There are 2 protein chains.
Amino acid sequence: MIEQPNVATQAGLNEWRRLVTAIDRDRLPDLLAENVVYRNPASFDSYVGKPMLVAILGAVFSVLKDVEYLRQFESETGFVLEFSANVGGEKVFGVDILEFNQEGKITDLMVMMRPANVVMKLSEEVGQILATS
Amino acid sequence: MIEQPNVATQAGLNEWRRLVTAIDRDRLPDLLAENVVYRNPASFDSYVGKPMLVAILGAVFSVLKDVEYLRQFESETGFVLEFSANVGGEKVFGVDILEFNQEGKITDLMVMMRPANVVMKLSEEVGQILATS
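Quick notes on the rules
Residues numbered from 1 in each chain as written. Chains lettered and ligands numbered in written order. Predicted model: local features only at pLDDT ≥ 70, side-chain atom pairs only at ≥ 80, totals over all residues. Heavy atoms only, no water. Helix = DSSP H or I, 4+ residues; strand = E, 2+ residues; numbered from the N terminus. Buried < 20%, exposed > 50% of the residue type's maximum accessible area, 1.4 Å probe, protein only. Contact = heavy atoms within 4.5 Å. Areas by Shrake-Rupley, 256 points an atom, 1.4 Å probe, with all protein chains shown as cover. Buried area = accessible area lost by both parts, 1.4 Å probe. Salt bridge = Lys/Arg side-chain N within 4 Å of Asp/Glu carboxyl O. Least-squares fit on C-alpha atoms with pLDDT ≥ 70 in both. Pairing = 2+ DSSP bridges.

Scanning chain A from N- to C-terminus turns up four helices and six strands. Start at the N end of chain A and walk to the C end: the helices and strands fall as α-α-β-β-α-β-β-β-β-α. For chain A, the C-alpha atoms occupy an extent of roughly 40 × 30 × 30 Å along the three principal directions. Here chain A holds 133 residues, and 52% of them are scored as buried. For chain A, the proportion of contacts with a sequence separation of at least 24, taken over those separated by at least 6, is 45%. Here chain A displays about 5,900 Å² of accessible surface, and carbon together with sulfur accounts for 52% of that area.

And the structure:
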């Protein structure tokens with residue numbers, strides 16, 4: 001049996017769900033640890049640091065629409081949230097794999113999605129937004 | 001706090017980890033419910049039924065090498081297993097999202113992987129194996 005996450009972690013998880021669903025970019029920085037690590041569905045590299053992740057997720061929020069959270073899975077320190085969403089009119093399914101520190105800030109976020117061809121399209125559109133912002 | 005899975009489910013999970021890591025195709029059918037549903041990382045469609053899944057996973061096992069399981073997450077009825085693996089010399093990360101019935105047989109398997117370009121390559125190779133088998 002796994003232990004219940006602490007109150008700060010549970011609050012952080014609830015805030016993540018709220019923020020993504022509402023596309024609340026303004027509150028995103030408050031939820032991230034300074035050295036948060038992000039691994040996206042399209043590339044192998046990791047991206048490190050709050051400013052980087054704020055920029056990337058800001059662009060993702062412009063392309064990934066109608067996020068709805070489905071199943072939830074837990075470990076001692078983290079969560080997996082399954083979601084459905086739309087990218088340019090095509091439906092995708094994905095997971096957010098989240099780790100939190102004791103203050104309820106996100107320290108690690110890995111996102112995977114299917115199907116892969118829509119992930120490639122999402123990645124291109126996010127890249128274009130970042131290149132022109 | 002989530003409940004501990006029943007003994008059959010836990011045994012099923014352990015058998016899945018063993019079987020994938022050892023590439024034990026012979027024992028795979030025993031672990032699947034008759035109407036198991038499979039959703040892969042590359043396409044949107046679902047595949048239903050034990051014979052279909054045995055064929056597909058048999059091909060996947062030929063292409064996805066050196067699977068190592070990493071983090072594990074739980075819900076009341078299922079699990080998420082994070083893994084790393086190699087596809088044609090390129091490293092991938094993925095998740096198996098597994099649901100079990102009360103007999104410890106897999107009823108639902110969804111797989112997602114990153115990065116997406118390697119998923120496309122994996123999908124092509126699996127398709128070729130299935131087309132020629």
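Now, onward.
With that settled, the discussion passes to the interface of chain A and chain B. Of the residues lining the interface, 36 residues belong to chain A; the matching set on chain B comes to 36 residues. Interface of chain A and chain B: buried area, both sides summed, is about 3,100 Å²; carbon and sulfur atoms make up 66% of it. On inspection of chain A and its partner chain B, the count reaches two salt bridges. Of the charged contacts, one joins Arg71(A) and Glu99(B) as a salt bridge, the two residues approaching to 2.8 Å between their closest N and O atoms. Of all the elements in the fold, those that place two or more residues in the side of chain A that touches chain B are strand E3 (64-74), strand E4 (78-87), strand E5 (90-100), strand E6 (106-114) and helix H4 (116-131) of chain A.

As a further point, take the relation of the copies chain A and chain B. With an axial shift of 0.0 Å and an RMSD of 0.0 Å, the rotation relating chain A to chain B amounts to 180 degrees. What we have between these two chains is a two-fold relation. In this assembly, 100% of the residues forming the interface of chain A have copies in chain B that are likewise at the interface, indicating an isologous arrangement.

Further remarks concern the pairing of E4(A). All names here are of chain A. Of all the ten residues making up E4, nine are buried; the element is thus mostly covered by neighbouring parts of the structure. By the bridge criterion, seven bridges tie E3 to E4 in an arrangement that is antiparallel. Among the inter-strand pairings, Tyr 69 is bridged to a residue of E4, identified as Phe 83. The hairpin formed by E3 and E4 contains three residues between the paired strands. Where E4 meets E5, ten bridges bridge the pair, whose relative direction is antiparallel. Bridge pairing in E5 places Phe 83 opposite Gly 94. Connecting E4 to the next strand, E5, in antiparallel fashion are two residues, including Gly 88 with a positive phi near 55 degrees.

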